[in-house]
Amino acid sequence: EAEVAQSPRYKITEKSQAVAFWCDPISGHATLYWYRQILGQGPELLVQFQDESVVDDSQLPKDRFSAERLKGVDSTLKIQPAELGDSAMYLCASSLGRLAGYNEQFFGPGTRLTVL
Amino acid sequence: QQPVQSPQAVILREGEDAVINCSSSKALYSVHWYRQKHGEAPVFLMILLKGGEQKGHDKISASFNEKKQQSSLYLTASQLSYSGTYFCGTAYNNNDMRFGAGTRLTVKP
(Lines give C-alpha, C1' and ligand atoms only; values in the text may rest on other atoms or scores of the structure.)
Protein backbone atom coordinates (compact mmCIF):
# COMPACT_ATOMS: atom_id res chain seq x y z
CA GLU A 1 0.00 0.00 0.00
CA ALA A 2 1.35 3.43 -0.97
CA GLU A 3 2.40 5.66 1.90
CA VAL A 4 3.63 9.18 2.53
CA ALA A 5 7.29 9.09 3.50
CA GLN A 6 8.95 11.58 5.83
CA SER A 7 12.47 11.96 7.12
CA PRO A 8 13.99 12.25 9.55
CA ARG A 9 11.58 10.71 12.05
CA TYR A 10 13.23 12.49 14.95
CA LYS A 11 15.36 15.62 15.08
CA ILE A 12 17.02 17.27 18.05
CA THR A 13 18.60 20.63 17.48
CA GLU A 14 19.74 23.64 19.42
CA LYS A 15 17.98 26.94 19.10
CA SER A 16 19.27 29.21 16.35
CA GLN A 17 20.28 26.20 14.24
CA ALA A 18 18.74 25.38 10.87
CA VAL A 19 16.64 22.25 10.35
CA ALA A 20 15.05 20.69 7.30
CA PHE A 21 12.35 18.09 6.88
CA TRP A 22 11.61 16.06 3.78
CA CYS A 23 8.36 14.60 2.52
CA ASP A 24 7.62 12.27 -0.38
CA PRO A 25 3.87 12.07 -1.05
CA ILE A 26 2.00 9.17 -2.53
CA SER A 27 2.79 8.93 -6.22
CA GLY A 28 0.40 10.94 -8.36
CA HIS A 29 -0.98 13.03 -5.52
CA ALA A 30 -1.38 16.61 -6.68
CA THR A 31 -1.74 18.30 -3.30
CA LEU A 32 0.76 18.30 -0.46
CA TYR A 33 0.28 19.74 3.00
CA TRP A 34 2.66 20.54 5.85
CA TYR A 35 1.17 20.66 9.34
CA ARG A 36 2.59 21.43 12.77
CA GLN A 37 1.05 19.55 15.68
CA ILE A 38 1.81 20.57 19.23
CA LEU A 39 1.20 17.85 21.82
CA GLY A 40 -2.46 17.71 22.76
CA GLN A 41 -3.62 19.94 19.92
CA GLY A 42 -4.94 19.46 16.41
CA PRO A 43 -2.76 19.72 13.30
CA GLU A 44 -2.20 23.33 12.23
CA LEU A 45 -1.78 23.89 8.51
CA LEU A 46 1.49 25.60 7.64
CA VAL A 47 1.49 25.38 3.84
CA GLN A 48 -0.52 23.75 1.06
CA PHE A 49 0.86 23.03 -2.41
CA GLN A 50 -1.05 22.19 -5.54
CA ASP A 51 1.56 20.61 -7.78
CA GLU A 52 4.53 22.98 -7.38
CA SER A 53 2.51 26.09 -6.47
CA VAL A 54 1.76 27.37 -2.99
CA VAL A 55 -1.99 27.86 -2.58
CA ASP A 56 -2.06 28.62 1.15
CA ASP A 57 0.80 29.68 3.39
CA SER A 58 -1.16 32.13 5.53
CA GLN A 59 -0.13 30.34 8.75
CA LEU A 60 3.52 29.89 7.85
CA PRO A 61 5.90 32.07 9.93
CA LYS A 62 7.70 33.32 6.89
CA ASP A 63 10.47 35.09 8.78
CA ARG A 64 11.91 31.70 9.72
CA PHE A 65 10.04 28.98 7.82
CA SER A 66 10.24 28.18 4.14
CA ALA A 67 8.83 25.37 2.03
CA GLU A 68 9.29 24.24 -1.52
CA ARG A 69 8.01 21.56 -3.86
CA LEU A 70 10.14 22.25 -6.88
CA LYS A 71 9.00 19.57 -9.32
CA GLY A 72 5.59 19.06 -7.84
CA VAL A 73 6.60 15.81 -6.22
CA ASP A 74 8.59 15.75 -2.97
CA SER A 75 8.85 18.70 -0.64
CA THR A 76 11.17 20.26 1.92
CA LEU A 77 10.22 22.36 4.94
CA LYS A 78 12.99 24.42 6.50
CA ILE A 79 13.27 26.34 9.75
CA GLN A 80 16.05 28.85 10.20
CA PRO A 81 16.74 29.72 12.93
CA ALA A 82 14.91 27.24 15.12
CA GLU A 83 13.33 28.54 18.34
CA LEU A 84 12.29 26.69 21.49
CA GLY A 85 8.62 27.14 20.57
CA ASP A 86 9.12 25.21 17.33
CA SER A 87 9.30 21.92 19.22
CA ALA A 88 6.42 19.90 17.79
CA MET A 89 5.49 17.11 15.42
CA TYR A 90 5.68 18.14 11.77
CA LEU A 91 3.27 16.17 9.65
CA CYS A 92 3.15 15.92 5.88
CA ALA A 93 0.00 14.82 4.09
CA SER A 94 -1.03 14.39 0.48
CA SER A 95 -4.25 14.06 -1.44
CA LEU A 96 -5.03 12.90 -4.95
CA GLY A 97 -7.32 15.78 -5.76
CA ARG A 98 -6.55 19.47 -5.66
CA LEU A 99 -9.32 20.64 -3.36
CA ALA A 100 -8.70 20.41 0.38
CA GLY A 101 -12.39 20.67 1.16
CA TYR A 102 -13.30 17.70 -1.00
CA ASN A 103 -10.47 15.20 -0.71
CA GLU A 104 -9.18 12.85 1.96
CA GLN A 105 -5.65 13.38 3.14
CA PHE A 106 -3.07 10.67 3.71
CA PHE A 107 -0.60 11.49 6.46
CA GLY A 108 3.01 10.50 6.84
CA PRO A 109 4.50 9.32 10.16
CA GLY A 110 5.77 12.81 10.99
CA THR A 111 9.04 14.32 12.18
CA ARG A 112 9.32 14.94 15.92
CA LEU A 113 11.39 18.11 16.41
CA THR A 114 12.91 19.00 19.75
CA VAL A 115 14.64 22.34 20.08
CA LEU A 116 16.98 22.67 23.06
CA GLN B 1 -11.22 29.57 11.58
CA GLN B 2 -10.90 26.51 13.79
CA PRO B 3 -13.99 24.39 14.58
CA VAL B 4 -15.03 23.65 18.17
CA GLN B 5 -15.18 20.04 19.29
CA SER B 6 -16.99 18.58 22.27
CA PRO B 7 -16.48 16.86 24.55
CA GLN B 8 -12.74 17.32 24.99
CA ALA B 9 -12.43 13.82 26.36
CA VAL B 10 -14.63 10.79 26.96
CA ILE B 11 -14.07 7.44 28.65
CA LEU B 12 -16.16 4.43 27.69
CA ARG B 13 -16.44 0.75 28.50
CA GLU B 14 -16.36 -1.68 25.61
CA GLY B 15 -19.76 -1.91 23.99
CA GLU B 16 -20.88 1.58 25.01
CA ASP B 17 -21.79 4.33 22.57
CA ALA B 18 -20.37 7.83 22.17
CA VAL B 19 -21.12 10.94 20.18
CA ILE B 20 -18.48 13.51 19.28
CA ASN B 21 -19.60 16.93 18.11
CA CYS B 22 -18.03 19.53 15.86
CA SER B 23 -19.40 23.00 15.37
CA SER B 24 -18.59 26.11 13.40
CA SER B 25 -19.71 29.71 13.51
CA LYS B 26 -19.61 29.98 9.72
CA ALA B 27 -21.42 28.19 6.92
CA LEU B 28 -19.61 25.02 5.95
CA TYR B 29 -18.72 23.39 2.66
CA SER B 30 -17.64 20.14 4.26
CA VAL B 31 -16.72 18.41 7.51
CA HIS B 32 -13.86 15.92 7.77
CA TRP B 33 -13.22 13.33 10.48
CA TYR B 34 -9.87 11.74 11.32
CA ARG B 35 -8.67 9.47 14.11
CA GLN B 36 -5.17 9.61 15.54
CA LYS B 37 -3.83 6.90 17.79
CA HIS B 38 -1.11 7.75 20.26
CA GLY B 39 2.23 8.20 18.50
CA GLU B 40 0.74 7.68 15.06
CA ALA B 41 -0.39 9.86 12.18
CA PRO B 42 -4.04 10.84 11.70
CA VAL B 43 -6.10 8.44 9.61
CA PHE B 44 -9.03 9.49 7.44
CA LEU B 45 -12.51 8.39 8.51
CA MET B 46 -15.07 10.39 6.58
CA ILE B 47 -15.96 13.54 4.66
CA LEU B 48 -19.46 14.96 4.76
CA LEU B 49 -20.27 17.56 2.12
CA LYS B 50 -23.08 20.06 1.94
CA GLY B 51 -25.85 18.69 -0.14
CA GLY B 52 -25.60 15.26 1.45
CA GLU B 53 -22.66 13.57 -0.27
CA GLN B 54 -20.47 11.45 2.00
CA LYS B 55 -17.12 9.80 1.42
CA GLY B 56 -15.44 7.37 3.76
CA HIS B 57 -15.80 4.22 5.80
CA ASP B 58 -19.09 2.38 5.56
CA LYS B 59 -18.83 1.41 9.21
CA ILE B 60 -18.49 4.97 10.45
CA SER B 61 -21.66 6.92 11.09
CA ALA B 62 -21.81 10.70 11.08
CA SER B 63 -24.25 13.48 10.44
CA PHE B 64 -23.94 17.00 9.04
CA ASN B 65 -26.50 19.65 9.89
CA GLU B 66 -25.82 22.38 7.35
CA LYS B 67 -28.23 24.87 8.91
CA LYS B 68 -26.62 24.59 12.33
CA GLN B 69 -23.08 24.24 10.95
CA GLN B 70 -22.62 21.15 13.07
CA SER B 71 -21.50 17.60 12.59
CA SER B 72 -21.62 14.61 14.90
CA LEU B 73 -19.63 11.39 14.79
CA TYR B 74 -21.40 8.34 16.21
CA LEU B 75 -19.37 5.53 17.70
CA THR B 76 -21.60 2.60 18.56
CA ALA B 77 -20.75 -0.61 20.38
CA SER B 78 -17.27 0.73 20.99
CA GLN B 79 -14.24 -1.54 20.79
CA LEU B 80 -10.82 -1.14 22.36
CA SER B 81 -9.47 -0.25 18.91
CA TYR B 82 -11.66 2.87 18.84
CA SER B 83 -9.40 4.54 21.39
CA GLY B 84 -7.58 7.58 20.11
CA THR B 85 -8.07 11.26 19.44
CA TYR B 86 -10.76 12.22 16.96
CA PHE B 87 -10.30 15.40 14.97
CA CYS B 88 -12.87 17.15 12.91
CA GLY B 89 -11.82 19.47 10.13
CA THR B 90 -14.07 22.08 8.64
CA ALA B 91 -13.91 23.66 5.20
CA TYR B 92 -15.70 26.91 4.36
CA ASN B 93 -14.97 26.55 0.69
CA ASN B 94 -13.70 23.73 -1.46
CA ASN B 95 -10.04 24.44 -0.79
CA ASP B 96 -9.60 25.56 2.82
CA MET B 97 -9.80 23.04 5.64
CA ARG B 98 -8.82 23.50 9.30
CA PHE B 99 -8.69 20.98 12.14
CA GLY B 100 -10.21 21.30 15.59
CA ALA B 101 -8.43 20.61 18.86
CA GLY B 102 -9.61 17.01 19.08
CA THR B 103 -11.65 14.73 21.33
CA ARG B 104 -9.75 12.11 23.25
CA LEU B 105 -11.62 8.80 23.42
CA THR B 106 -10.56 6.04 25.79
CA VAL B 107 -12.28 2.66 25.64
CA LYS B 108 -11.68 0.40 28.61
CA PRO B 109 -12.31 -3.35 28.87
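Here we summarise the structure given alongside this text.

Conventions used here
- Residues numbered from 1 in each chain as written.
- Chains lettered and ligands numbered in written order.
- Predicted model: local features only at pLDDT ≥ 70, side-chain atom pairs only at ≥ 80, totals over all residues.
- Heavy atoms only, no water.
- Helix = DSSP H or I, 4+ residues; strand = E, 2+ residues; numbered from the N terminus.
- Rg over C-alpha atoms; globule rule 2.2 N^0.38 Å.
- Buried < 20%, exposed > 50% of the residue type's maximum accessible area, 1.4 Å probe, protein only.
- Areas by Shrake-Rupley, 256 points an atom, 1.4 Å probe, with all protein chains shown as cover.
- Lys, Arg positive; Asp, Glu negative; His and termini not counted.
- Charge placed at Lys NZ, Arg CZ, Asp CG, Glu CD.
- Pairing = 2+ DSSP bridges.
- Contact = heavy atoms within 4.5 Å.
- Disulfide = S-S within 2.5 Å.
- Phe/Tyr/Trp six-rings, centres within 6.5 Å; stacked < 30°, edge-to-face > 60°.
- Axes fitted to C-alpha atoms, helices over the stretch in contact; angles between N-to-C directions.

Let us look at the overall build of chain B. Assigned secondary structure in chain B consists of zero helices and 11 strands. The order of α-helices and β-strands along chain B, N terminus first, is β-β-β-β-β-β-β-β-β-β-β. For 109 residues, the compact-globule estimate of 2.2 N^0.38 gives 13 Å, and chain B sits close to it at 13 Å. Projected onto its principal axes, the C-alpha positions of chain B cover 40 × 25 × 20 Å. For chain B, the proportion of its 109 residues judged to be buried stands at 49%. For chain B, the exposed area adds up to about 5,600 Å²; of that, 47% sits on carbon and sulfur atoms. For chain B, the distance from the average position of its 12 positive side-chain charges to the average position of its 8 negative side-chain charges is 5 Å.

The subject of this paragraph is the pairing of strand β7 (residues 61-65) of chain B. Residues and elements named next belong to chain B. Here β7 shows one buried face, formed by A62 and F64, and one open face, formed by S61, S63 and N65. Bridge count between β7 and strand β8 (residues 70-75): five bridges; the pairing is antiparallel. Considered in β8, the bridge of S61 is made with Y74. Taking the residues that link successive antiparallel strands as the turn, the β7-β8 hairpin has four residues, and the phi of Q69 there is positive, at about 55°.

Attention now moves to the environment of Q59 of chain A. Structurally, Q59 of chain A can be placed in the loop between β6 (53-56) and β7 (65-68). Here Q59 of chain A falls in the partly exposed class, since its relative accessible area comes to 35%. Sequence separation between Q59 of chain A and L39 of chain A is 20 residues; the distance between their C-alpha atoms is 18 Å. Setting aside chain neighbours within four positions, we find Q59 of chain A in contact with E44, L45 and L46 of chain A together with R98 of chain B.

Let us look at the state of the cysteines. Cysteine pairs can be covalently joined through their sulfur atoms, and such a bond is termed a disulfide. What the rule picks out here adds up to two disulfides over all chains. At a sulfur-sulfur separation of 1.9 Å, the disulfide partner of C23 of chain A is C92 of chain A. Classification of the bridge connecting C23 of chain A and C92 of chain A rests on its S-S torsion, roughly -70°, and on that basis the disulfide is left-handed. Here C23 of chain A is found in strand β3 (residues 19-24), whereas its partner C92 of chain A is found in strand β9 (residues 88-95), with 69 residues between them in sequence. Assigned by exposure class, C23 of chain A and C92 of chain A land together as buried. Shown here is the disulfide that connects C22 of chain B with C88 of chain B, its sulfur atoms set 2.0 Å apart. Looking along the S-S bond of the C22 of chain B-C88 of chain B disulfide, the torsion reads about 70°, which is the right-handed sense. Residue C22 of chain B is located in strand β3 (residues 18-23), and its partner C88 of chain B is located in strand β9 (residues 84-93); the two are separated by 66 residues in the primary sequence. The class of C22 of chain B is buried, set by a relative accessible area of 2%.

All names here are of chain A. As enumerated under the stated definition, the model contains nine aromatic pairs over all chains in all. Seen in terms of ring centroids, Y35 and F107 are 5.5 Å apart; in terms of plane orientation they differ by 35°. Their pairing is tilted. A residue pair is termed long-range when its members are at least 10 positions apart, and Y35 in strand β4 (residues 31-37) and F107 in strand β10 (residues 106-107) qualify at 72 residues. Given the relative accessible area of 1%, Y35 is considered buried.

The next point concerns the sheet that holds β3 of chain B. Residue and element names in this part refer to chain B. Spatially, the four strands line up as an open sheet ordered β1-β3-β8-β7, and their pairing is antiparallel. Both outer strands of the open sheet, β1 (4-6) and β7, are each paired with one neighbouring strand and no more. With strand direction ignored, the average angle separating the axes of adjacent strands in the sheet is 15°. Strand direction decides the pairing type here: β1 and β3, joined by three bridges, are antiparallel.

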